[in-house]
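A look at the structure
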Amino acid sequence: RTYQDLLKSPEDENLYERYTTVQWLFLDLETRRATRIGRPDMYRAGIFSPDGAFMLVSTTRRPFSYAVPDGRFARDLEVWALPKLGDLGEGFDEGTDAV
């Protein structure tokens, strides 16, 4: 099988990691404040439990492959217990930390 747009070098690996690293946020729509959850990482997906108490998190892990596309890279799956919305504490102001 032949794939296009594969990683070809260590530089590609570093760029891939840089551009796929994200930060989870909870956004309070009433106050327009965001609160960081977890640390920045190469998250692929986050699925909330029906009651909102947990989140299933999928994260891409090194080593990356030069033979298959990113959808087939190694992953970790974790279940995160989430804080209640009232327990999130102080967020950060969108003017200073927003992208």
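All residue numbers here refer to positions counted from 1 along the written sequence of the relevant chain. Note on the predicted model: pLDDT of at least 70 is required for a residue's local features to be given, and 80 or more for side-chain atom pairs to be given and counted; whole-chain, interface and lining totals, by contrast, use all residues. The basis for every side-chain value is the complete set of heavy atoms in the structure, and neither hydrogens nor water enter the calculation.

Bringing the overall build of the protein chain into the picture now. Within the protein chain, the secondary structure is distributed over two helices and five strands. Helix and strand assignments follow DSSP, with helices taken as H or I runs no shorter than four residues and strands as E runs no shorter than two, numbered in order from the N terminus. Along the protein chain, helices (α) and strands (β) appear in the sequence α-β-β-β-β-β-α when read from the amino end. Counting every position in the protein chain, which comprises 99 residues, the buried fraction comes to 23%. In the protein chain, 46% of the contacts between residues at least 6 apart in sequence involve partners at least 24 apart. Looking at the protein chain as shown, the accessible area adds up to about 7500 Å², and 53% of this sits on carbon and sulfur atoms. For every residue, the accessible area obtained with a 1.4 Å probe (protein chains only) is divided by the maximum for its type, and the residue is called buried under 20%, exposed over 50%, and partly exposed between those limits. Residue contacts are defined here by distance: any two heavy atoms, one from each residue, within 4.5 Å place the two residues in contact. All accessible-area figures derive from a Shrake-Rupley calculation using a 1.4 Å probe, and residue coverage is judged against the displayed protein chains alone.

Bringing the side chain of Thr59 into the picture now. You can see Thr59 is positioned in strand β4 (residues 54-60). Residue classification places Thr59 among the buried positions, given a relative accessible area of 1%. When near neighbours in sequence (up to four residues on either side) are disregarded, Thr59 contacts Asp41, Met42, Tyr43, Arg44, Ala74, Arg75 and Asp76.

It is worth spelling out the environment of Val79 at this point. On the secondary structure map, Val79 appears in strand β5 (residues 75-81). Along the chain, Val79 and Leu56 lie 23 residues apart, while their C-alpha atoms are 4.6 Å from each other. Not counting the four nearest positions on each side in its chain, Val79 is found in contact with Phe54, Met55 and Leu56.

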